[in-house]
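Chains, contacts and geometry: an overview
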Amino acid sequence: MNSEENPRNPQKPETPENAQHAEKPQGAEDAAGAADATPGAGAGPEGAAGDAPGQSGAQQLTGRQRLAAGLWPPRVTRAQLIVAVLLFGLGLGLAIQVRSNNDDSALRGARQEDLVRILDELDNRTQRLEDEKQRLDAQRTELETSSDQAEEARKQTREKEQQLGILAGTVAAQGPGITLTIRDISGTVEPDMLLDALQELRAAGAEAIQINDVRVVADTYFSGAGGEVRVDGKAVSSPYVFKVIGKPQDLEPALNIPGGVVQTLEKEQATATVTRAEKIIVNALRPAKRPDYARSSSR
C-alpha cells in the first residue's frame, strides 16, 4: 500500500548495516562532525608525528639560527668601524679614569669606622712629622748656638792668650796708668827699695810693669847694690822709670800712703815722682820660654 501511494520514495529493504546506521544517536553524529572539522584529527599517528618536527624547526629558525645568520658572515661598513674605534678610545679613557680614582672610590665606599681610623692615622702621621720638624729645628738651633759658642770660645781664647802674653811679657801692652820716676843722685837706693815699690804696685792692681827697658814678670828679681842695681841680671841706672798700666786712682795712692814708698825714698835722699796718664805703653818684651817639664793638663 505504501509503495503504491509514494512511488518516488521506494523503500529499501532493511539490512543489518542499515539497521546499525539507523540506530546511531544524534550526539554521535555531531561528535563525528566535530572531529572531521578539526585539522589533522582524521589523520593517523603518522600525520601527527609529521606536524611536530615542522613546528620545532620553525622555533629554532627564529632563535639561534636567525641570530647566527645575522652575525655571520660579518658585514662591517666604514661608519661602523669608525664608531668602534671611538668606542674603544672612550672605554680606554674611562678605564684609566676609574683606575686613577680607585682611592677616592675606596674612601667613598668605606665605613664610618674606617674613615675615623684613616683620619686618626693621618693625624698621627702629621704629629710625627711636626715632632720631627721641631727636632730638626732644635738641632739646627743647637748647631748655630754651638757655632756661636765655638766662635765666642775662640775669641775668648785669643783674649786670654793676649792677657797671658801681657803677664808673661811676650807681647806689648798699653792702657791707662802711671809713671813712677825715682832719681837717686847719691846712689843710696838699694835693690830692696825698688822691690818694695814693685810689690806695692802689684798689690794696687798693676797689670803690666816695665823698669827702664826691662819687662817685669812673675819671676823678676833684683840684685846688686846702691848705684849698681840689676833687674833680672841686667844693669839699670838712675833715674829708675817705672811704667805701670793699671787703674791710676788705685796706683798713685798706694805709693803715697804714709810710711809708704815715696816717704821711704825721700828719707834716702832720693826723689819719687808719680804722674798719671791715660795711655801708658809697655813695649819691653821677653822671649817666650818653653818649660822643660811642665805641660798643660787641659784636654
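Residues numbered from 1 in each chain as written. Predicted model: local features only at pLDDT ≥ 70, side-chain atom pairs only at ≥ 80, totals over all residues. Heavy atoms only, no water.

**Focus on the nonpolar core**
Grouped together as the largest cluster of nonpolar side chains are 31 residues, with contacts concentrated most on I182, L201, I209 and F242. Residue contributions to this core peak at 5 residues, all from helix α9 (residues 191–203). Not counting the four nearest positions on each side in its chain, I182 is found in contact with V189, L194, S238, P239, Y240, F242, L265, T271 and A272. Among the nonpolar cores identified, the runner-up in size contains 5 residues, and A173, A208, I245 and I280 belong to it. (Core = buried A, V, L, I, M, F, W, Y, C linked by side-chain atoms within 4.5 Å. Buried < 20%, exposed > 50% of the residue type's maximum accessible area, 1.4 Å probe, protein only. Helix = DSSP H or I, 4+ residues; strand = E, 2+ residues; numbered from the N terminus. Contact = heavy atoms within 4.5 Å.)

**Some details on the pattern of salt bridges**
Using the criterion set out here, one finds 5 salt bridges in the structure. The shortest N-O distance in the salt bridge between E132 and R135 comes to 2.4 Å. On the criterion of helical spacing, the pair formed by E132 and R135 is a turn pair, its members being 3 residues apart in helix α8 (residues 112–168). Overall, E132 belongs to the partly exposed group, its relative accessible area being 34%. (Salt bridge = Lys/Arg side-chain N within 4 Å of Asp/Glu carboxyl O.)

**Considerations on the environment of P287**
Counting through the fold element by element, P287 comes out in the segment after β8 (271–282). We classify P287 as exposed; its relative accessible area is 72%. P287 sits 116 residues away from V171 along the chain, and the two C-alpha atoms are 9.3 Å apart.

**Description of the side chain of T181**
Looking at the secondary structure, you find T181 in strand β1 (residues 173–183). For T181, a relative accessible area of 14% corresponds to the buried category. Setting aside its immediate chain neighbours within four residues, T181 contacts P239, Y240, V241, T271, A272 and T273.

**Things to note about the layout of surface pockets**
By volume, the largest pocket is sized at about 230 Å³. Lining the largest pocket are L167, A168, T170, V217, A218, D219, R286, P287, A288 and K289. Split by residue class, the lining of the largest pocket holds 6 nonpolar, 1 polar and 3 charged. Reported here for the second largest pocket is a volume of approximately 180 Å³. Every residue lining the second largest pocket is listed: I166, L167, R202, A206, E207, A208, I209, R215, V216, V217 and A218. At the level of secondary structure, the elements contributing two or more residues to the lining of the second largest pocket comprise α8, β2 (208–211) and β3 (214–216). Across the lining of the second largest pocket, the residue classes break down as 8 nonpolar, no polar and 3 charged. (1 Å grid on protein atoms, 1.4 Å probe; cavity = no way out; pocket = protein on both sides within 12 Å on 5 of 7 lines; lining within 4 Å. Points joined across faces, edges and corners; volume = space filled by probe spheres on them. Nonpolar A, V, L, I, M, F, W, Y, C, P; charged D, E, K, R; others polar.)

Read these as spatial facts, not as claims about activity.
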